Amino acid sequence: MSIPIRRAAVIGAGVMGSGIAAHLANAGIEVLLMDIVPPNLSDAERATAAARNRFSVSGLERAVASRPAAFFSKDRARLVKIGNVEDDLEKLRDRDLVIEAIIEQIQPKRSLFERLERTVSPDCVVASNTSGLRIADMMAGRSESFRRRFLVMHFFNPVRYMKLLELVAGPDTSPDVLERVRAFGENALGKGIVVGRDTPNFVGNRIGVHGMLATIHLMLSEGLAPEDVDAITGEPMGHPKSASFRTADLVGIDTLVHVAENCLDSLPNDEDRQVFEIPAFIRTMIERKLLGDKAKGGFYRKGRDGAIETFDPTSLEYRARGGDKEIRSVCKKLGEVEDVGARLRELVFGSQAGSRAGAFAWKVLSRTLAYSARRVGEIADDVVSIDDAMKWGYNWELGPFETWDALGFEAAVARMKTDGLVLPPSIERMRAAGATSFYSATGEVFDLLRGESRRRAADPRTASLTVLRRGPSPVLKNDGAEAWDLGDGVLGLTFKTKANSIDPDVIELIASSVDRAERDFRALVVANRGEHFCVGANLFLVAIAAGQQQWQELRSMVSGFQRSCQRMKYARVPVVAAPYGMALGGGLEVCLGASSVQAAAETYAGLVEVGVGLVPAGGGVMNLLWRALAGIPEGAHVDAYAIVTQVFKNIALARVATSAEEGMRFGYLGPETGVTFDRARLLVDAKARAIGLAESGWHPPAPRAYVLPGESGMSTLAMMIRALVDAGQASPHDATIATRLAEVLCGGVGGSAREVTEDEMLELEREAFVSLCGEPKTQERMQFMLMNNKPLRN
Ligand code: NAD
């Protein structure tokens, strides 16, 4: 076990420093965030702490206000204290870790490290978040003892959301320090660690910026428009939708240029050095301060009429968005191919091989693959590190070597050779050794440096369902879901519908999985795969039934879902739901029904049914209210109305939590929810939670019933609803939906006269749901959502 890191400091409260401080606070670390004392203070200001700390205060404020949010919840900001490097350096004495994130210049960094050497404790690790400065340069003049506990911790922006953390050790960095920081980065911060070598721009940015500039040079030589390039280099190539130029606008064109120039200056022997040369049109953009989203425009901007305009590399002016129609339509179709390998093959070697899109994609990809291969041994030790860096730092679906495998190793090598691309000798050695791919299906990876395959040490903490499941086939299965034996007495249910939506098959398998788990297992885990945990009920089925006025079918569909959720709640074995990404509507109702939840930190939960003109009816309204009421100690005289109102607002406004932690604040997830920072570990954590519950005396709960506000609550909420309509903040149909929701939450007529039981609550939910399905405006909302994937306000 390494020495824990409890207290940290971040120096430099800019974009990166404030983001790093926020994420440390997310991990429960106490942080001191420092910056310089602003120059040009008046004499009076120089005497006040408020003015002297102005930079760090505004850094913290920026992090609090940032969107997407840097903090999991606003409480987290309380863990960040502020200070400045003139008055507060002494406070660094009790820190276990100090991260430097100041201006990217060698002199200020050197002098800061000199001061830190005199201040921090002998066990304190000091790290730099530099993007590209050499460790040897930064450490000039430092003692050996300082150099032993110094390393680069290179975070990616935005820190909370980007999984990649590159660690780079210097020649003197102690292996223990590297391990200590690796464990901290993985376990406390949930990061994916790539250990790079001390070379300019390290791993991700070296490959990423090379690829970006190679793409831009090729665009100019091939006569393509930026829009064409973005159509090709996004989803069709397995890269994010923001592709090349929208990504550059997001990151900042100055940052891109800065990284490229650093490569150009410090890599005199790079065989592809000319790729890092900045094209003249980008220089013009920099001169005109067209730096991207943070400025008034970048490669794209919003024109006066709100339409997107493109910076034309030839005329050097903005023009209306254009691009080649054929390229666009080919790429759109390809983007729909679900399997990324199939998509890439189709683009490069399949039906599109001869098209402009296919030819361009190949040129870009082949250059990146060859360049990456030539970098193994220079920037990182192996292909896995480069693949991980590109997946975690650039959100590529596949890293370069995985892409190469997906295209077919031999076929790609042959075509690269025909094109005259230079491949390193290691690739020839690999062929001579008989390898036909970098990764094998049996868990081996080809080590290009040693010229042989080696076993890839699999991390048991990130085992996927495919790894954990036992036996050749699922224990239970239908068209919508499967349940697998996960070993250790745990059954794992996983949805298989599109976007994991809930349909009658899923509903049936929830119930039968509970039955089976009670009989043959000691716990059940609901663990889905794909981008999101579950986006709610299958709206298509609801809309069809509503359109055909099949009220009885709708009622039985809803009561089936209610029964399944209640089955989970009262199961004789613990049921653990493992949400991540979006857990909306029915997806959250599954979590509300489960005995316990192990959520990914990045879980966005909410009951958003009003967006499609409905109210939750899988027990969601009841369970959310019950959870809120359960917090009131027995005998306390608390007005249930205040609590009902809050639950009402959360559902009526379709409030979605921006993290698992916020989900807990909103009451969507219980106070004892387990939170997994690295989503790759979610299944293993959920299984451990299920076993933990099974082994610690878990018993099913008893049904509860509450006295609710009844008619008086309904009329008070009705006044609130009316005021919102009068103020133009809600439409009359919003009011109809909200009124039905209020009826459920207040326990219906007579809700205050007696304790309202769960069966009664479920009936109220059901009737509200079915009656809203009969409203033409609700049907319009459902249709609109199905067509446009966004809510209609009518
Ligand atoms: P920034 O300009 O937003 O912030 C730098 C902050 O450091 C400013 O608040 C400045 O007042 C402060 N500062 C300057 N000199 C200081 C000193 N001597 N002592 C204390 N504070 C000082 O820059 P940034 O984008 O946050 O980058 C910070 C570091 O992180 C740089 O080394 C950069 O290369 C690296 N980095 C940036 C990114 C990115 O995407 N922006 C990503 C990874 C790493």
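See above for the structure.
We now turn to the structure provided with this report.

Some remarks on the overall build of the chain
For the chain, the count of helices and strands is 33 helices and 24 strands. On C-alpha atoms alone, the chain measures out to a radius of gyration of 29 Å, which is about the 28 Å that the 2.2 N^0.38 rule sets for 794 residues. In terms of its C-alpha atoms, the chain occupies a principal-axis envelope of roughly 80 × 70 × 60 Å. For the chain, the residues scored as buried account for 55% of the 794 residues in total. Taking the intrachain contacts of the chain between residues at least 6 apart in sequence as the baseline, contacts between residues at least 24 apart amount to 69%. Surface exposure of the chain reaches about 33600 Å², of which carbon and sulfur atoms provide 53%.

A word on the sheet that holds strand β17 (residues 523–526)
The strand order β14-β15-β16-β17-β18-β20-β22 describes an open sheet built from seven strands, whose pairing is mixed. Each end of this open sheet is capped by a strand with a single partner; those strands are β14 (476–477) and β22 (674–676). Sheet analysis places strand β15 (residues 481–485) next to strand β16 (residues 490–495), joined by five bridges and oriented antiparallel. Considered in β16, the bridge of Ala481 is made with Phe495. Across the sheet, helix α22 (residues 504–520) is in contact with β14, β15, β16 and β17; its angle to β16 comes to roughly 180 degrees.

Comments concerning a nonpolar patch on the surface
On the surface, Phe540, Leu541, Ile544 and Leu786 cluster together to form a nonpolar patch covering roughly 320 Å² of accessible area. Broken down by element, the residue count for the nonpolar patch peaks at three residues, all from helix α23 (residues 539–547). Summarising the element assignment, Leu786 is placed in helix α33 (residues 776–788).

Remarks on the site of the ligand
Around the ligand lies a shell of 20 residues, among which Met16, Asp35, Glu104, Lys109 and Ser131 are the nearest. In this structure, an oxygen atom belonging to the ligand sits 2.6 Å away from a side-chain N or O atom of Glu104. Measuring from an oxygen atom of the ligand, one finds a side-chain N or O atom of Asn129 at 3.0 Å. Summarising the interface, the protein chains cover 76% of the accessible area of the ligand, which totals 830 Å² for the free molecule. Contributions of two or more residues to the shell around the ligand are made by α1 (15–26) and β6 (150–155). Here the residues of the shell around the ligand sort into ten nonpolar, seven polar and three charged.

Brief notes about the pairing of strand β13 (residues 452–455)
As paired strands, strand β12 (residues 444–447) and β13 are joined by four bridges and run antiparallel to one another. Opposite Val445, over in β13, you have Arg454 as the bridge partner. Hairpin connection, β12 to β13: the antiparallel pair is bridged by four residues, and Gly451 has positive phi, about 70 degrees.

Quick notes on α1
The end-to-end C-alpha distance of α1, which contains twelve residues, comes to 17 Å, matching closely the 16 Å that a straight helix rising 1.5 Å per residue would cover. Of all the twelve residues making up α1, eleven are buried; the element is thus mostly covered by neighbouring parts of the structure. Residues Met16, Gly17, Ser18, Gly19, Ile20, Ala21, Ala22, His23, Leu24, Ala25 and Asn26 constitute the buried set of α1.

A closer look at the environment of Leu468
Structurally, Leu468 is set in helix α21 (residues 465–468). Of the residues examined, Leu468 reaches a relative accessible area of 14% and is grouped as buried. It is 45 Å that separates the C-alpha atoms of Leu468 and Leu267, two residues lying 201 residues apart in sequence. Those residues within four positions of Leu468 in sequence are excluded, and the remaining contacts are Ala463, Asp485, Leu486, Leu683, Val684 and Lys687.

Overview of the layout of surface pockets
Of the pockets and cavities examined, the second largest pocket occupies roughly 620 Å³. Around the second largest pocket sit 26 residues that line it, and Ala594, Ser595, Ser596, Arg627 and Gly670 are the ones nearest its centre. Secondary structure elements with two or more residues in the lining of the second largest pocket: α25 (586–593), β20 (596–600), α26 (620–630) and α29 (682–695). If one sorts the elements of the lining of the second largest pocket by residue count, α26 sits on top with four residues. When grouped by side-chain class, the residues that make up the lining of the second largest pocket number 13 nonpolar, seven polar and six charged.

Things to note about the environment of Leu347
Relative to the helices and strands, Leu347 resides in helix α15 (residues 340–348). Note on Leu347: relative accessible area 0%, which makes it buried. When neighbours within four sequence positions are excluded, Leu347 is seen to be in contact with Pro236, Met237, Leu334, Gln352, Ala353, Ala357, Gly358 and Ala361.

A look at a positive patch on the surface
A surface patch of positive charge is lined by Arg246, Arg321, Lys325 and Arg328. In this fold, Arg246 is placed in helix α11 (residues 245–251). On the basis of relative accessibility, which here comes to 35%, the residue Arg246 falls in the partly exposed class.

Considering the packing of aromatic side chains
Under the defined criterion, the tally for this structure stands at 18 aromatic pairs. With centroids separated by 6.3 Å and ring planes inclined at 10 degrees, the aromatic side chains of Phe401 and Trp404 adopt a geometry described as stacked. You can see Phe401 and its partner Trp404 sitting in helix α18 (residues 400–407), three residues apart, about one turn around the helix. Looking at Trp404, the relative accessible area reads 0%, which means it is buried. Between Phe401 and Phe438, the ring centres sit 5.0 Å apart and the planes meet at 70 degrees, which makes this aromatic pair edge-to-face. You can see Phe401 sitting in helix α18 and its partner Phe438 sitting in the loop between α20 (425–432) and β12, a full 37 residues away along the chain. Of the residues examined, Phe401 reaches a relative accessible area of 0% and is grouped as buried. Taking the relative accessible area as the measure of exposure, Phe438 reaches 1% and is therefore buried. We note Arg469 situated over the ring of Trp484; from NZ or CZ to the ring centre the distance is 4.1 Å. Sitting above the plane of the Phe666 ring, Arg655 keeps its charged end 4.1 Å from the centroid.

About the cut-offs
Residues numbered from 1 in each chain as written. Predicted model: local features only at pLDDT ≥ 70, side-chain atom pairs only at ≥ 80, totals over all residues. Heavy atoms only, no water. Helix = DSSP H or I, 4+ residues; strand = E, 2+ residues; numbered from the N terminus. Rg over C-alpha atoms; globule rule 2.2 N^0.38 Å. Buried < 20%, exposed > 50% of the residue type's maximum accessible area, 1.4 Å probe, protein only. Contact = heavy atoms within 4.5 Å. Areas by Shrake-Rupley, 256 points an atom, 1.4 Å probe, with all protein chains shown as cover. Pairing = 2+ DSSP bridges. Axes fitted to C-alpha atoms, helices over the stretch in contact; angles between N-to-C directions. Patch = residues over 30% accessible without salt bridge, like charges linked within 9 Å, V, L, I, M, F, W, Y side chains within 5 Å. Salt bridge = Lys/Arg side-chain N within 4 Å of Asp/Glu carboxyl O. Near = heavy atom within 4 Å. Polar contact = N/O pair within 3.5 Å; in protein donor to acceptor, adjacent residues only side chain to side chain. Nonpolar A, V, L, I, M, F, W, Y, C, P; charged D, E, K, R; others polar. Expected span 1.5 Å × (residues − 1). 1 Å grid on protein atoms, 1.4 Å probe; cavity = no way out; pocket = protein on both sides within 12 Å on 5 of 7 lines; lining within 4 Å. Points joined across faces, edges and corners; volume = space filled by probe spheres on them. Lys, Arg positive; Asp, Glu negative; His and termini not counted. Charge placed at Lys NZ, Arg CZ, Asp CG, Glu CD. Phe/Tyr/Trp six-rings, centres within 6.5 Å; stacked < 30°, edge-to-face > 60°. Lys NZ or Arg CZ within 6 Å of the ring centre and 35° of its normal.

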